[in-house]
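# Chain and residue survey
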Amino acid sequence: MAETPAYMHARFGGQCHPGDIAGYVLVPGSSRRAEMLAAGWADVRQVARHFEFAAYTGRMGDLPITACSTGIGGTSTSIAVDELAGLGAHTLLRVGVTGALQPEVGVGDLIIASAAVRMDKVSEHYAPIEYPAVAHFEVISALIAAAEELGHRYHVGVVATSSSFTVGEGNPGFGGYQHTAMAHIVPDLTAAGVYDWDTETATLFTLCSLYGLRAGRVNAVVDDPATGKYNPAGEAHAVQTALAAMSILAEWDAAKTRQGRRFALPEATPLMRNDH
Amino acid sequence: LSDERAYVHSRFGGVVSPDDIAPYVLLPTTAAWAAHAALLLDEPRLVTEHYEFTLYSGRLRGVPISVCSTGLGGMSVSIAVEELAQLGAHTFIAVGARGFQADGLAPEALVVPLGAVRLDGTSHDYVRPEYPAAAHFEVVMAALAAAEAHALTTHTGIVASVGAGEASLSGGARSFLSARQQSLVTQLRDAKVWWGGGQEATLFVLASLYRLRAGALVAQSADGSPASVAPALDLGVQALLVLATWDAQKQHAGSRYAIPSVPKHGTATT
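Reading the values: rules and limits
Residues numbered from 1 in each chain as written. Chains lettered and ligands numbered in written order. Predicted model: local features only at pLDDT ≥ 70, side-chain atom pairs only at ≥ 80, totals over all residues. Heavy atoms only, no water. Axes fitted to C-alpha atoms, helices over the stretch in contact; angles between N-to-C directions. Helix = DSSP H or I, 4+ residues; strand = E, 2+ residues; numbered from the N terminus. Parallel < 35°, antiparallel > 145°, perpendicular 65-115°, else oblique. Left-handed = near helix turned anticlockwise from the far one by under 90°. Contact = heavy atoms within 4.5 Å. Buried area = accessible area lost by both parts, 1.4 Å probe. Salt bridge = Lys/Arg side-chain N within 4 Å of Asp/Glu carboxyl O. Polar contact = N/O pair within 3.5 Å; in protein donor to acceptor, adjacent residues only side chain to side chain. Nonpolar A, V, L, I, M, F, W, Y, C, P; charged D, E, K, R; others polar.

### Quick word on the packing of helix H4 (residues 137-150) of chain A against helix H4 (residues 137-149) of chain B
Packed helix pairs are characterised by how far apart their axes lie and by the angle those axes make with each other. Packing of H4(A) against H4(B) brings their axes to within 10 Å, and their N-to-C directions diverge by 115°. The angle between H4(A) and H4(B) falls in the class roughly perpendicular. The crossing of H4(A) and H4(B) is left-handed. Contact residues: A:Phe137, A:Ile140, A:Ser141 and A:Ile144 in H4(A); B:Phe137, B:Val140, B:Met141 and B:Leu144 in H4(B).

What follows is the structure, given as structure tokens:
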């Protein structure tokens with residue numbers, strides 16, 4: 001039953017209540033992908049449908065889990081993160097699609113973001129621009145483990161988040177409109193080794209780092225450098241990898257609790273006994 | 001090495017060759033700290049002293065490790081990283097000190113930065129300010145794993161690397177804060193940022209641009225003495241050892257990254 005929210009988007013239009021959102025939350029851009037993510041879960045219910053935010057909560061095996069679309073861009077992503085965090089989310093994993101900047105990346109490859117270039121603008125309302133948008137190492141590790149296990153081609157590195165889809169990424173707008181300020185953006189980011197463009201990751205990472213939450217991101221490359229055409233073939237792999245990574249994170253978290261450890265880490269002690 | 005790039009600091013005054021430098025490098029701030037760290041190695045050798053850069057190389061449990069002091073400030077850090085990378089180094093751990101008590105941190109607490117706020121100046125010559133100064137996740141995990149193995153308390157978080165020294169922003173003896181600096185200090189406090197040792201932002205940005213690995217440790221020091229940072233120097237060397245061991249295991253297994261092990265029964269979705 002909807003209550004009057006504090007502001008229009010609070011708890012997604014007042015539709016969500018404590019308990020509706022799981023600790024583990026997948027945050028795709030589109031509501032269609034949120035449905036894809038939730039398709040195999042048990043006891044799935046839609047807990048919000050408000051503007052671009054569609055949230056589904058269910059169980060993946062024993063794990064309570066939510067998928068919530070953020071919509072496109074930093075503003076809507078920031079609303080989603082603020083509301084999800086307020087409702088108890090502690091791990092936010094973005095699943096998206098992307099255009100690659102590096103020549104070794106092929107269409108359909110997965111790109112796991114270790115950190116993001118903050119051209120989203122929205123995150124500047126939260127922290128000075130010099131603050132780093134970093135993914136959490138446990139989420140990076142879980143995504144790598146999942147991609148390895150599933151046998152998908154993947155890359156790990158710095159990505160860029162733009163505040164507009166066309167001109168901000170150095171592409172012409174309507175009628176070929178271009179802004180000379182953006183003329184160097186693609187060559188500069190490519191030289192800096194940045195892997196891809198999207199429009200949400202830097203906002204997600206900055207806010208989660210500020211709030212002490214874990215964040216990560218896996219995107220599938222959908223711009224085919226060979227044909228110049230959109231090719232969504234990798235999207236299903238990104239979805240599969242993100243779901244597997246959440247299972248792995250939940251297992252690591254349970255092991256941490258059992259063992260009284262703070263972090264999931266590769267084993268170091270047996271190696272350090274391996275003296276010469 | 002090409003003579004075309006020779007300048008006063010290339011190869012630290014032209015005397016250091018790739019054979020002198022290990023792939024795993026500890027970067028303490030001062031020469032005195034470097035000397036202290038070198039004593040942790042087996043048969044340390046003084047490679048050279050050039051301006052603020054004092055270099056030692058040695059081995060620990062068979063792993064080649066170099067130690068190079070960076071001096072203060074992003075400028076000096078950038079020269080050290082440029083030269084060491086050119087000489088074959090690929091993994092760096094900076095050891096720095098915060099001079100001021102940080103909110104919520106015990107004096108003996110070591111901070112393992114996940115990333116740094118780029119108040120260094122120098123990194124802005126390399127890449128636009130939106131680019132993240134992120135520590136490499138393998139280096140972060142190695143520092144945490146080494147700390148866990150030695151039962152040391154660590155804190156993870158974001159640190160601010162200030163080019164002019166943290167005194168300029170955190171109330172030094174003759175503190176003058178401009179309105180912009182006052183606002184920045186408030187913003188950093190709101191963002192729960194700790195003071196770093198000054199090297200992190202430049203190091204993380206350069207290493208990331210060059211696809212090398214970097215991390216850092218931040219101790220608290222009231223006097224800048226080697227004793228005050230000794231636990232951080234020791235942990236830094238141990239973390240490099242962990243990384244070298246993981247790298248050897250990766251090579252043996254043909255895997256690309258060191259990650260925590262995944263239970264054999266696999267995941268719910270596969």
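### Describing the packing of helix H3 (residues 74-86) of chain A against helix H6 (residues 201-211) of chain A
All names here are of chain A. Two numbers describe how H3 lies on H6: the axes approach to 9 Å, and their chain directions differ by 30°. Here H3 lies roughly parallel to H6, going by the angle between them. Here H3 runs over H6; the crossing is right-handed. On H6, the residues that touch Gly74, Thr77, Ser78, Val81, Asp82 and Ala85 of H3 are Thr203, Leu204, Leu207, Cys208 and Tyr211.

### Focus on the interface of chain A and chain B
Taken together, the contacts link 55 residues of chain A with 56 residues of chain B. Overall, the association of chain A and chain B removes approximately 4,600 Å² of surface from exposure, summing both partners, and the carbon and sulfur fraction of that is 68%. Counting across the chain A and chain B interface gives 3 salt bridges. One salt bridge connects B:Arg180 with A:Glu130, and the closest N-O pair in it is separated by 3.9 Å. Counting the contacts that link chain A with chain B gives 9 residue pairs in polar contact (both at pLDDT 80 or more). Taken together, the elements giving at least two residues each to the side of chain A that touches chain B come down to strand E6 (110-118), strand E7 (133-134), H4, strand E8 (154-161), helix H5 (185-191), H6, helix H7 (235-259) and helix H8 (269-272) of chain A. Counting residues per element, the side of chain A that touches chain B draws most heavily on H4(A), which supplies 8 residues. Looking at the side of chain A that touches chain B residue by residue, the classes come out as 36 nonpolar, 9 polar and 10 charged.

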